[in-house]
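Summary of the model geometry
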Amino acid sequence: MSLDKFAPAIFVFLWSTGWIVAKYATMHSGPFTFLMIRYSLSALAFVLFCSFTGAKWPRDWSSVFRAIYSGIFLHGIYLCCLWWAISRGVPAGIAGIIAALQPLMTAMAAPYLVGERLQPVQRLGLLLGFIGIAIAISPKILAPDTANLWQSAIPLTVNLLAMVSVTYGTLYQKRHLQTGDLRTIATLQYVGALIVTVPLALMFEDLHFDGTHEAILAVIWSVFGLSMGAVGLLLYLIRRGQVSRAASLIYLMPPAVAIEAAIAFGEPLTLPIIIGTLVVVMGVYLTNRRTADVVPE
């Protein structure tokens, strides 16, 4: 069986664990500090991986710049904004809705930036995905802890900026990094991520990291499970298929996280989560149907 058949499911599992890891990580370190450590170790791990596997590095500076530039948005600004917003009190349910905007943003921007055209059934799939996310997290939206939502205007705006950043980074990756070795591209993208996280950690945090076993395990999984495994698969999916299809997989993250949280923390699987998950799966299926007409770039 080819990697193409298994890559989406593996990607969904690996990427969804990032929410579980984040819950542990923020208890032991500042968000920027943790991300700085994660990206530094990820860059080092990728350099060693590239060395042992004979990866080909870009021969011109323009390719190097493009890889670093994409990493600034795809990893750096995206997670810094997202983690900072959550640490400043944005409810998980609201953050989930904002995260679900990425496929819609990608689908709307793709025709203009990468020449993709979606069929009506795929647009319906994107809409169903958003509706499913809304159903799944509706209890959190209506919970009492959202009463002071309007007092979180700045964190919410930053959270939205995170989605804009990762959407732009995904589209830029599709348009400008369709050739070259994915291993070295990923390495250079973490250099771009460090360009964002290092100054933020130095300026706004005291570089606290308590070094407990939970914190260390969170770093290890973040580096190998997320930065190398999930991100590597994301780059592979972007290159192999339509960028809108790859982005639509993000719809599966909140339901997947809900299931993982039920196993890890005993959180109940409510009826809205179950119904929302079914709607999301149908939306992803419709969006990934191979009926799109791709306009040559």
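For the structure itself, look to the data block above.
So, a few notes on the structure that sits alongside this text. (Residues numbered from 1 in each chain as written. Predicted model: local features only at pLDDT ≥ 70, side-chain atom pairs only at ≥ 80, totals over all residues. Heavy atoms only, no water.)

Right, let's talk about the overall build of the protein for a bit. Check the secondary structure of the protein and you find eleven helices and two strands. Going residue by residue from the N terminus, the α and β elements of the protein occur as α-α-α-α-β-α-α-α-α-α-α-α-β. Of all 297 residues assigned to the protein, the portion counted as buried reaches 51%. For the protein, the accessible area works out to roughly 14200 Å², and carbon and sulfur atoms hold 71% of it. (Helix = DSSP H or I, 4+ residues; strand = E, 2+ residues; numbered from the N terminus. Buried < 20%, exposed > 50% of the residue type's maximum accessible area, 1.4 Å probe, protein only. Areas by Shrake-Rupley, 256 points an atom, 1.4 Å probe, with all protein chains shown as cover.)

Moving on to the nonpolar core. Counting residues in each nonpolar core, the largest one holds 62 residues, and the members touching the most others are Phe11, Trp15, Tyr39, Tyr78, Leu79, Trp83 and Met163. Here the element with the most residues in this core is helix α8 (residues 213-240); it accounts for twelve residues. Residues within four places of tyrosine 78 in sequence aside, it is in contact with Trp15, Phe73, Ala162, Met163, Ser165 and Val166. One finds Val64, Ala67, Ile185 and Leu188 within the second-largest nonpolar core, a separate group that totals five residues. (Core = buried A, V, L, I, M, F, W, Y, C linked by side-chain atoms within 4.5 Å. Contact = heavy atoms within 4.5 Å.)

Under the counting rule described, the total for this entry stands at ten aromatic pairs. Residues phenylalanine 65 and tyrosine 69 carry aromatic rings whose centres are separated by 5.7 Å and whose planes lie at 25 degrees to one another, so their mutual orientation is stacked. Taken together, the residues phenylalanine 65 and tyrosine 69, both in helix α3 (residues 61-87) and four residues apart, mark about one turn of the helix. Judged by relative accessible area, phenylalanine 65 falls into the exposed class, the value being 51%. Residue class for tyrosine 69 comes out partly exposed when judged on its relative accessible area of 23%. (Phe/Tyr/Trp six-rings, centres within 6.5 Å; stacked < 30°, edge-to-face > 60°.)

This part is about the packing of helix α2 (residues 31-53) against α3. One way to put it is that α2 packs onto α3 with a least axis distance of 9 Å and a crossing angle of 150 degrees. Relative to α3, α2 is oriented so that their crossing is right-handed. Judged by residue contacts, Pro31, Phe32, Phe34, Leu35, Arg38 and Tyr39 of α2 engage His75, Gly76, Leu79, Cys80, Trp83, Trp84 and Ser87 from α3. Residue composition of the contact of α2 with α3, by class: nine nonpolar, three polar and one charged. (Axes fitted to C-alpha atoms, helices over the stretch in contact; angles between N-to-C directions. Left-handed = near helix turned anticlockwise from the far one by under 90°. Nonpolar A, V, L, I, M, F, W, Y, C, P; charged D, E, K, R; others polar.)

The subject of this paragraph is unusual backbone geometry. We note that leucine 207 has phi near 60 degrees; this positive angle belongs to a residue other than glycine. Mapping leucine 207 onto the fold places it in the loop between α7 (182-204) and α8. Under the relative-accessibility criterion, leucine 207 is labelled partly exposed at 40%.

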